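Examination of the molecular architecture
Each chain is listed here by its residues.
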Amino acid sequence: MTQNRSGAPLRLRRAGAAVLLLRLPGRDQGRACEVDAAQLGADGVEVGLGVLRPTPARAAGRVAGAAVTWMTPPGYVSDTLLPAMAKGRLRRAAPCPASSPSCTPAVDRPGRNAYRLAHAAAHVHLAGPHYADMLRRADLRVHHSRPNLGARALVDAGVFLHGPPGDIAARLADYGRAGVDEVVVNVAGVYANHGQPDAVRDLREILATCREATT
């Protein structure tokens, strides 16, 4: 959520997101709300908040059922985001929200360029000041005005997961050791550069390798 009804950017995105979650079904004690309860209030549906930095993470800990991050290094998740979520949780009598990092891997194959794949997957995010700021907090040298160099930084730092399926599975497991609850495997870079069949092939091989590693 980055805009208000008039299309103007929100000055306080964290506050706006927290207000929205508090107004969702089951969080407003039956009072009127502008969100369609029939669509968003189904049993088993968790209400999540996208977080990249400590302030939104504290808001997620306070009001959300899940916290979703995007291509965040596992060390940054464990050292920065999870403690902030726990701090926010102290303000309510409820478990800490589930943490769900979204990771973007690509299997190393002939004819592929890791930097191009990372750029295809993340160039929009890399051009956002808030995402670049998160990466700088995680000690990556990036700036939102240069998403090409940002894509290189993602690859060189291992945030964009590129390599054989076994290596990717091992690096996905790092998120589990960092304390996250689940990982979203998003092959958007492969899909954008090489199409659906290649993306599905990568996804199947990565997930099969992950299953083998846990059996």
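Our subject in this report is the structure included herewith.

Parameters at a glance
Residues numbered from 1 in each chain as written. Predicted model: local features only at pLDDT ≥ 70, side-chain atom pairs only at ≥ 80, totals over all residues. Heavy atoms only, no water. Salt bridge = Lys/Arg side-chain N within 4 Å of Asp/Glu carboxyl O. Helix = DSSP H or I, 4+ residues; strand = E, 2+ residues; numbered from the N terminus. Buried < 20%, exposed > 50% of the residue type's maximum accessible area, 1.4 Å probe, protein only. Expected span 1.5 Å × (residues − 1). Bend = angle between axes of the 7 residues up to and from the residue. Polar contact = N/O pair within 3.5 Å; in protein donor to acceptor, adjacent residues only side chain to side chain.

Overview of the pattern of salt bridges
Counted under the stated rule, the structure contains eight salt bridges. One salt bridge in this structure joins D174 and R177, with 2.5 Å as the shortest N-O distance. Of this pair, D174 and R177 both sit in helix α8 (residues 165-178), three residues apart, roughly one helical turn. For D174, a relative accessible area of 31% puts it in the partly exposed group. Three or more residues are tied together by salt bridges with common partners; here these are R109, R112, D198, R201, D202 and E205.

Quick word on helix α5 (residues 114-126)
Taking 1.5 Å of rise per residue, the 13 residues of α5 would be expected to cover 18 Å, yet its terminal C-alpha atoms sit only 16 Å apart, more than 12% below that figure. Of all the bends in α5, the greatest, near 50°, is centred on A120. Every buried residue belonging to α5 is among A114, L117, A118, A121, A122 and L126, and all of these are buried. N-cap assignment for α5: the residue whose side-chain oxygen lies 2.9 Å from the backbone N of Y115 is N113.

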